[in-house]
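One-letter residues, chain by chain:
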Amino acid sequence: MLALGKSLTKALAARTLSPQVCSSFATGPRQYDGTFYEFRTYCVKPAKMNEFLENVKKNLHLQTAHSELVGFWSVEFGGRIDKVFHIWKYDNFAQQTEVRKALANDKEWREQLLIPILGLTDKQESEITYLVPWCKLEKPPKEGVYELVTFQMKPGGPALWGDAFKRAINAHVDLGYSKLVGVFHTECGALNRVSATFNFLLCISQIFSVHVLWWNASADSQAAGRHQSHEDPRVVAAVRESVNYLVSQQNMLLIPTSYPPLE
């Protein structure tokens, strides 16, 4: 038994000294302030969307009195139907905590907004996101439609794929195929997954989720711009480089409600 223990110790030491690395947590440059954006997605019960939107339109001011709303949309295409998506801005986590305390003590907010919403939805999701350092939140020039594209990138972080991803996004922007509203990376949420496997050596991999919010004048102009960009060799070259780091991609077409500040 002692000999076996010594052999196992030697084996573990040999593996520990091995220079093999599974992945890097290097994330590259990021913003220096604490401002973050909470992405909230509500799945509304079937046949309850109109009632939900009417209630939100009437009572949303009870929440915007406490926190800053960036935008509020209904999902037209992409994934489950009867779904709404909204973005809230916070200066830091301390402010978010204070907002939640204030809302919890706001009887009018609880009775007129929170409780009715809970009765009209069957699922809620939340993500904490940050703007990437090279992007600012832009306001669209007029009313239109939005596309939220979510990319899941390979382990290694922006230090590995950030430059290639930036070139792919800027290729679309510079050639005018769509207007960029913002690029966000997920800090905490369902799409930011960490997995660990123990086999003598700890191997950790992290999938980074990046959300890109685009604006177009209409759904038809969005589709036309997409088709044109797919045939533009400058865009194709930039995307071909970035796609080497891509795990998966999905998108949603968003229709703004009558009360988002982005409009």
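Heads up: the structure comes first, above all this text.
Residues numbered from 1 in each chain as written. Predicted model: local features only at pLDDT ≥ 70, side-chain atom pairs only at ≥ 80, totals over all residues. Heavy atoms only, no water.

(A) View of the pairing of strand E5 (residues 145–153). Counting buried residues in E5 gives nine out of nine residues, a clear majority hidden from the surface. Neither face of E5 is exposed, since Val145, Glu147, Val149, Phe151 and Met153 on one face and Tyr146, Leu148, Thr150 and Gln152 on the opposite face are all buried. In terms of strand pairing, E5 meets strand E9 (residues 246–256) through eight bridges, oriented antiparallel. Following the sheet pairing, phenylalanine 151 is matched in E9 by glutamine 249. (Buried < 20%, exposed > 50% of the residue type's maximum accessible area, 1.4 Å probe, protein only. Helix = DSSP H or I, 4+ residues; strand = E, 2+ residues; numbered from the N terminus. Pairing = 2+ DSSP bridges.)

(B) Local environment of the nonpolar core. Among the nonpolar cores identified, the biggest contains 30 residues, and Ile87, Phe165, Val183, Val212, Leu213 and Leu254 are the most heavily contacted of them. Of all the secondary structure elements, the ones that give two or more residues to this core are strand E1 (36–44), strand E2 (68–77), strand E3 (83–90), E5, helix H6 (158–174), strand E6 (179–188), strand E8 (201–216) and E9. Sort the elements by how many residues they give to this core and E8 lands first, with six residues. Setting aside its immediate chain neighbours within four residues, leucine 213 contacts Trp73, Ile87, Tyr146, Glu147, Leu148, Lys179, Leu180, Val181, Gly182, Phe184 and Leu254. The next biggest cluster of nonpolar side chains, apart from the first, holds 22 residues, and it includes Phe36, Val56, Trp109 and Tyr259. (Core = buried A, V, L, I, M, F, W, Y, C linked by side-chain atoms within 4.5 Å. Contact = heavy atoms within 4.5 Å.)

(C) Layout of the pattern of salt bridges. Scanning all chains against the criterion turns up eight salt bridges. A salt bridge links arginine 226 to glutamate 147; its shortest N-O distance comes to 2.1 Å. Residue arginine 226 is found in helix H7 (residues 219–230), and its partner glutamate 147 is found in strand E5; the two are separated by 79 residues along the sequence. Take arginine 226: its relative accessible area is 28%, and that puts it in the partly exposed class. Residue classification places glutamate 147 among the buried positions, given a relative accessible area of 6%. With its nearest N and O atoms 2.9 Å apart, the salt bridge here joins aspartate 232 to arginine 234. Residue arginine 234 is classed as exposed on the basis of its relative accessible area of 53%. Among the charged side chains, a salt-bridge network with shared partners connects Glu38, Arg40 and Arg100. (Salt bridge = Lys/Arg side-chain N within 4 Å of Asp/Glu carboxyl O.)

(D) The arrangement of the packing of aromatic side chains in detail. Counting across every chain of the model gives eleven aromatic pairs. Ring centres of phenylalanine 36 and phenylalanine 93 lie 4.3 Å apart, and the angle between their planes is 25°; on these two criteria the pair is classed as stacked. Placement of phenylalanine 36 in strand E1 and of phenylalanine 93 in helix H4 (residues 93–104) is noted, with a sequence separation of 57 residues between them. Judged by its relative accessible area of 0%, phenylalanine 36 is buried. Look at phenylalanine 39 and phenylalanine 184: their rings are 5.1 Å apart centre to centre, the planes differ by 70°, and that puts the pair in the edge-to-face class. With a gap of 145 residues between them, phenylalanine 39 in strand E1 and phenylalanine 184 in strand E6 connect regions that are remote in the sequence. An identical accessibility class is assigned to phenylalanine 39 and phenylalanine 184; each is buried. One aromatic cluster is present, formed by Tyr37, Phe39, Trp73, Phe85, Tyr146 and Phe184 through successive ring pairs. (Phe/Tyr/Trp six-rings, centres within 6.5 Å; stacked < 30°, edge-to-face > 60°.)

(E) Region of the structure containing the environment of glutamine 96. Structurally, glutamine 96 is set in helix H4. Between the C-alpha atoms of glutamine 96 and phenylalanine 36, which are 60 residues apart in sequence, the distance is 9.8 Å. For glutamine 96, the residues in contact, after removing those within four places along its chain, are Phe36, Glu38, Tyr90 and Ile128.

(F) Up close: H4. Given a rise of 1.5 Å per residue, twelve residues ought to cover 16 Å, and the 16 Å separating the end C-alpha atoms of H4 matches this to within 8%. In the core, the buried residues of H4 are packed alongside E1, helix H3 (61–64), E3, helix H5 (107–120) and strand E4 (121–131). N-capping of H4 is provided by asparagine 92, with a side-chain oxygen placed 3.2 Å from the backbone N of alanine 94. (Expected span 1.5 Å × (residues − 1). Polar contact = N/O pair within 3.5 Å; in protein donor to acceptor, adjacent residues only side chain to side chain.)

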